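Each chain, letter by letter, is given below.
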Amino acid sequence: MSTFTPAGTFKLAGHPVQHMGYGAMQLAGPGVFGPPKDRDAAIAVLREAVASGVNHIDTSDFYGPHITNQLIREALHPYPDELVIVTKVGAIRGDDGSWIAALEPEDLKRGVHDNLRNLGVDALDVVNVRIMGNIHSPAEGSIEKQVTALAELQREGLVRHIGLSNVTRAQVAEAQRIAAIVCVQNHYNVVQREDDPLVDELAAKGIAYVPFFPLGGFTPIQSSALSKVAQTIGATPMQVALAWLLHRSPNILLIPGTSSLEHLRENMQAAQLTLPDAVRAELDAIGRVNGEANGEH
Ligand SMILES: NC(=O)c1ccc[n+]([C@@H]2O[C@H](COP(=O)([O-])OP(=O)(O)OC[C@H]3O[C@@H](n4cnc5c(N)ncnc54)[C@H](OP(=O)(O)O)[C@@H]3O)[C@@H](O)[C@H]2O)c1
């Protein structure tokens, strides 16, 4: 049986956060570059998310760049005490919108200061060190230099808690020898299951696992099995994909991204869905079939 209860919370950075959070990346312009088409709509999405109970927002100063953080500030500052804003450092944007790794200690320091300035805060709740790896999947290699740099910024009081993004199990272990790690943000969803062992490992340690691309990212998940299940239980495929994640493990915190009020409302409702065990078993099989087909497991 799943241990998931819609009303439950999980402790992140000392705060009990709702399992359903919000990812702000989709609020920037096309390709996560430049301003949104409709600034008022972006502000409305952020305000409604928080009004609906979201108290965990994921962002980065390299979304836009700067745009997403500036929107969050305009929509929500002064921030409610219970709101945890998680940001990330480790990249900058080229003039053409390209993503450029920026993982030297001075880059990370600059990234932290950019986030502080654009979010309008004196200290950041949580900063994820975003490792480049193979872009959307991790690659082995020491991250000691990066975690040490973040730990120094934490000692200076600019960063309250440290998280990791796009990392392997070995990198999580390495980072934990240097600093306390409160969350890991990697690519994971009902069809992308390579992190199954890491999800369980972090759950046992009480560390949050925050899947990026929970709906499949820029091209949302398309699966006939997912659509069939959704139809059977009277929900949308995206709601079922989110509900599956919520049932997967109690340490999973969701940050689905949307620029649309309609999608935000749809996604929020997913936290109320209860998936019977038989339905969960059908959904579990989607990932296994996909993983086997891709040779991923
Ligand atoms: N650490 C990292 O490297 C990393 C990488 C990527 C993302 N992230 C974070 O993770 C968050 C989530 O990832 P994501 O936003 O890229 O991907 P996602 O949440 O998997 O999917 C977002 C896409 O799904 C669409 N969508 C959202 N709700 C929908 C619904 N109910 N029905 C149909 N389509 C829907 C969105 O379009 P609409 O705007 O039209 O709704 C958008 O195209 C981001 O916002 C960001 O904060 C982190």
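Check the entry above for the structure.
Keep in mind the model is a prediction, meaning the values are calculated, not measured.

Trainee: Describe in detail the overall build of the chain, supporting the description with residues and values.
Mentor: Along its length, the chain carries 10 helices and 11 strands. Viewed in the frame of its principal axes, the chain has a C-alpha envelope of about 50 × 45 × 35 Å. The burial tally for the chain puts 55% of its 297 residues in the buried class. A fraction of 75% describes how many contacts in the chain between residues 6 or more apart in sequence connect residues 24 or more apart. When the accessible surface of the chain is totalled, it reaches about 12,800 Å², and 52% of it is carbon and sulfur. A gap of 2 Å separates the mean positions of the 23 positive and 33 negative side-chain charges of the chain.

Trainee: Any chance you could break down the pattern of salt bridges for me, citing the residues and the numbers?
Mentor: Inspection of the entire model under this criterion finds 13 salt bridges. The closest approach of N and O atoms between Glu48 and Arg265, which form a salt bridge, is 2.7 Å. With Glu48 in helix H1 (residues 39-51) and Arg265 in helix H9 (residues 261-269), this residue pair connects regions lying 217 residues apart in the sequence. Glu48 gets classed as partly exposed once you look at its relative accessible area, which sits at 23%. Residue Arg265 is classed as partly exposed on the basis of its relative accessible area of 41%. Three or more residues are tied together by salt bridges with common partners; here these are Arg193, Asp196, Asp200 and Arg248.

Trainee: Quick rundown of the pairing of strand S8 (residues 124-130)? Include the residues and the values.
Mentor: With seven of seven residues buried, S8 is to be regarded as a mostly interior element. Across four bridges, the pairing between strand S5 (residues 84-89) and S8 is parallel. Directly across from Lys88, in S8, lies its bridge partner Asn128. Note: S8 against strand S9 (residues 159-165), six bridges, orientation parallel. Within the sheet, the bridge partner assigned to Val126 lies in S9 and is His161. Handedness of the crossover joining S8 and S9 through helix H4 (residues 144-155): right-handed.

Trainee: Explain helix H2 (residues 67-76) residue by residue, including any values.
Mentor: Within H2, seven of the 10 residues are buried, leaving the element largely enclosed by the surrounding structure. Among all positions of H2, only Ile67, Thr68, Asn69, Leu71, Ile72, Ala75 and Leu76 are buried.

Trainee: Lay out the sheet that holds strand S3 (residues 22-23) in plain terms, naming residues and giving numbers.
Mentor: An order of S3-S4-S5-S8-S9-S10-S11 is seen for the seven strands of this open sheet, with the pairing classed as parallel. A strand with exactly one partner marks an edge of an open sheet, and here the two such strands are S3 and strand S11 (208-209).

Trainee: Which residues make up the site of the ligand, and what values do they have?
Mentor: The environment of the ligand is formed by 26 residues, the closest being Asp58, Leu215, Thr258, Ser259 and His263. Contacts to the ligand include Leu215, whose backbone N or O atom sits 2.7 Å from an oxygen atom. One nitrogen or oxygen atom from the side chain of Ser259 is found 2.7 Å from an oxygen atom belonging to the ligand. Bound to the protein, the ligand loses 89% of the 900 Å² it would expose on its own. Residue contributions to the shell around the ligand peak at three residues, all from H9. Here the shell around the ligand is built from residues that sort into 11 nonpolar, 11 polar and four charged.

Trainee: Before we move on, can you summarise the packing of aromatic side chains with the specific residues and values?
Mentor: Summed over the entire model, instances satisfying the criterion amount to seven aromatic pairs. Taking 5.8 Å as the distance between ring centres and 85° as the angle between the ring planes, the aromatic pair formed by Phe62 and Trp99 counts as edge-to-face. Of this pair, Phe62 sits in the loop between strand S4 (56-58) and H2 while Trp99 sits in strand S7 (residues 99-101), placing them 37 residues apart in sequence. Looking at Phe62, the relative accessible area reads 7%, which means it is buried. Note on Trp99: relative accessible area 39%, which makes it partly exposed. Geometrically, the ring pair formed by Tyr63 and Trp99 is edge-to-face, given 6.4 Å between the ring centres and 75° between the ring planes. Here Trp99 lies in strand S7 and Tyr63 lies in the loop between S4 and H2, a separation of 36 residues in the sequence. Classification of Tyr63 by relative accessible area gives buried; the value is 6%. Taken together, the ring pairs connect Phe62, Tyr63 and Trp99 into an aromatic cluster.

Trainee: Residue-level account of the packing of H1 against H9, with values.
Mentor: When two helices pack together, their arrangement is given by the angle between the helix axes and the distance between those axes. Running from N to C, H1 and H9 point in directions that differ by 20°, and their axes come no closer than 10 Å. As the angle between them shows, H1 and H9 are arranged roughly parallel. Viewed along their axes, H1 and H9 form a crossing whose handedness is right-handed. Here H1 contributes Ala44, Val45, Glu48 and Ala49 to the contact with H9, which in turn contributes Leu261, Leu264 and Arg265. Looking at the contact of H1 with H9, its residues break down into five nonpolar, no polar and two charged.

About the criteria used
Residues numbered from 1 in each chain as written. Predicted model: local features only at pLDDT ≥ 70, side-chain atom pairs only at ≥ 80, totals over all residues. Heavy atoms only, no water. Helix = DSSP H or I, 4+ residues; strand = E, 2+ residues; numbered from the N terminus. Buried < 20%, exposed > 50% of the residue type's maximum accessible area, 1.4 Å probe, protein only. Contact = heavy atoms within 4.5 Å. Areas by Shrake-Rupley, 256 points an atom, 1.4 Å probe, with all protein chains shown as cover. Lys, Arg positive; Asp, Glu negative; His and termini not counted. Charge placed at Lys NZ, Arg CZ, Asp CG, Glu CD. Salt bridge = Lys/Arg side-chain N within 4 Å of Asp/Glu carboxyl O. Pairing = 2+ DSSP bridges. Right-handed = clockwise from strand over helix to strand, strands pointing away. Near = heavy atom within 4 Å. Polar contact = N/O pair within 3.5 Å; in protein donor to acceptor, adjacent residues only side chain to side chain. Nonpolar A, V, L, I, M, F, W, Y, C, P; charged D, E, K, R; others polar. Phe/Tyr/Trp six-rings, centres within 6.5 Å; stacked < 30°, edge-to-face > 60°. Axes fitted to C-alpha atoms, helices over the stretch in contact; angles between N-to-C directions. Parallel < 35°, antiparallel > 145°, perpendicular 65-115°, else oblique. Left-handed = near helix turned anticlockwise from the far one by under 90°.

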